Amino acid sequence: MSSDDVDVVVVGGGIGGLSNALALSRKGLRVRVLERAQEFGEVGAGLQIAPNCTRILDRWGLLDEIVSLGVLPEHIVMKDALDGSVLTRLDLHDVERRYGFPYMVIHRSDLHGTLLRACRRAGVDLVTDVTVTGYEQAEDGAAAAHGGDEDGAAATHDGRRERGAVAVHAGGRERGAVVIAADGLHSVARRLLSDDEPVNSAYVAYRGAVPIDRVADLDVHTKDVVVYVGPRCHFVQYPLRQGEMFNQVAVFESPKALAGEADWGTPDELDAAFEHTCDQVRAGLPLMWRDRWWRMFDRDPIMNWVSGRIVLSGDAAHPPLQYLAQGAVMAIEDAWVLSEQVDGARGDWDAALAAYNAVRPEHCRRVLTTARAWGELWHHDGDKRLWRNGVLRGRDVHDYTYVDWLFGPTALTPGQEPPMFPAA
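First, a word on what this report is: a plain description of the structure on this page. (Residues numbered from 1 in each chain as written. Predicted model: local features only at pLDDT ≥ 70, side-chain atom pairs only at ≥ 80, totals over all residues. Heavy atoms only, no water.)

## As for unusual backbone geometry
Negative phi values dominate among residues other than glycine, just as trans dominates among peptide bonds. Of note in this structure, A202 is not a glycine but carries a positive phi near 70°. You can call A202 buried: its relative accessible area is 5%. Notably, R241 is not glycine yet its phi reads approximately 50°, a positive angle. Tracing the backbone shows R241 in the loop between β15 (233-240) and β16 (245-253). Looking at R241, the relative accessible area reads 27%, which means it is partly exposed. (Buried < 20%, exposed > 50% of the residue type's maximum accessible area, 1.4 Å probe, protein only. Helix = DSSP H or I, 4+ residues; strand = E, 2+ residues; numbered from the N terminus.)

## Let's talk about helix α1 (residues 15-25)
Counting buried residues in α1 gives 11 out of 11 residues, a clear majority hidden from the surface. Of all the residues in α1, the buried ones are I15, G16, G17, L18, S19, N20, A21, L22, A23, L24 and S25.

## Some remarks on helix α5 (residues 108-122)
In this model, α5 (15 residues) spans 21 Å end to end at C-alpha, consistent with the 21 Å of a helix rising 1.5 Å per residue. If you check which residues of α5 are buried, you get D110, L111, H112, G113, T114, L115, L116, A118 and C119. A positive backbone phi angle near 85° is found at G123, which sits one or two residues after α5. (Expected span 1.5 Å × (residues − 1).)

## Comments concerning the packing of helix α2 (residues 51-59) against helix α9 (residues 327-345)
Here α2 crosses α9 at 45°, and the two axes come no closer than 9 Å. In terms of their interaxial angle, α2 and α9 are classed as oblique. Classified by chirality, the crossing of α9 by α2 is left-handed. For the pair α2 and α9, the contacting residues are N52, C53, I56 and R59 in the first and V329, I332, E333 and W336 in the second. Its residues placed into classes, the contact of α2 with α9 shows 5 nonpolar, 1 polar and 2 charged. (Axes fitted to C-alpha atoms, helices over the stretch in contact; angles between N-to-C directions. Parallel < 35°, antiparallel > 145°, perpendicular 65-115°, else oblique. Left-handed = near helix turned anticlockwise from the far one by under 90°. Contact = heavy atoms within 4.5 Å. Nonpolar A, V, L, I, M, F, W, Y, C, P; charged D, E, K, R; others polar.)

## Some points on the sheet that holds strand β11 (residues 173-176)
Ordered by their spatial adjacency, 3 strands build an open sheet running β8-β9-β11, and the pairing between neighbours is antiparallel. Every other strand in the sheet has two partners, leaving β8 (132-138) and β11 as the edge strands with one partner each. Recorded for the sheet is a direction-independent mean angle of 20° between the axes of neighbouring strands. Across 6 bridges, β8 lies against strand β9 (residues 141-146) in antiparallel orientation. Within β9, the position partnered with Y135 by the bridge is A144. (Pairing = 2+ DSSP bridges.)

## Focus: the nonpolar core
Core analysis: the largest hydrophobic core is formed by 108 residues, its most contacted members being I49, W60, L111 and Y135. Beyond its immediate chain neighbours, meaning those up to four positions away, L111 contacts I15, L47, I49, L57, I66, I106 and I332. (Core = buried A, V, L, I, M, F, W, Y, C linked by side-chain atoms within 4.5 Å.)

Worth remembering: the numbers are spatial, not functional.
Okay, here's the thing in structure tokens:
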């Protein structure tokens, strides 16, 4: 494809960017993806995919492949991190019956790889080694400027298509009827709509995915997602890759971050944060990757994601904290909703973007704010911890009050708030 024969330019080749490319290609549009790395790929370990996402993957014809690469767990079990006692659980077989689609867990790279293969089959133009530095409105469309400074000034920077080493507008602009910015937490395009900055939660995540035999002698659930919630920390465990791997995530509040120190979240803080947790948690800590960690940021919600023909998607629009396990899910939802609006608008891009902008920001605002509230709930200490444990133990296993709005097939009606956990 040349620079002028695509309908849509997608900036960012992660899960959100590829989802947009696939969804719009399925509507008959010509799509180019610009990825700054030298090859497409994902880092990290496991992620959870709720029924509101597996429903979309099924409609794209990808669910069987996704299931073959992941795990369909039996339960989500929440435990107290200090004493290891069970607080509540979700029966995931019942969840599938209720919502029509499964709850599953998968390695992030496996989900990304499935989307990438689907994009290749759909004929998406996949271009790597292109760093987008600015966005511009253009006649009947928009452009992504790359290979230069913050103002888009030219510099030598060759983009490479998968089909061979092909220079793509070194220091140039990629134009389309629409440019979708799926460029993540530190989105360049977001500056067109907001001068906000990422919000530091002062929490840090350590991850570790290991062969299942590494946990054979530990007291773990090999068919469940288990979440240990504790004072200013939590610990998550679940299987991956058809049970051949075991994934763990350790999250804690960093004293160094709270003190304003630059070097925060270090392994000594990890060990100190979980020093008083139960045996099951402490037994898993030596398996964490200790040479890398992820600092937990989100952003305050913004209610406008569209500037002319430039539109935000995924973490560029709504990076959440992880407590609802909806980050990747929301990015895929964005792609589905936008493609459906484009299809319904019959070529009227302005109408399609307006419809997308009328639906998604409000729903994702609810997810962002609810995730923050659940993080506070998980990390209670003292009397609040005892109160929380009592309320969770009193919950009926088939009570879906707090997830119907999230897992169901439709978004909430305008103005309706998601049910929040009662305040302590």
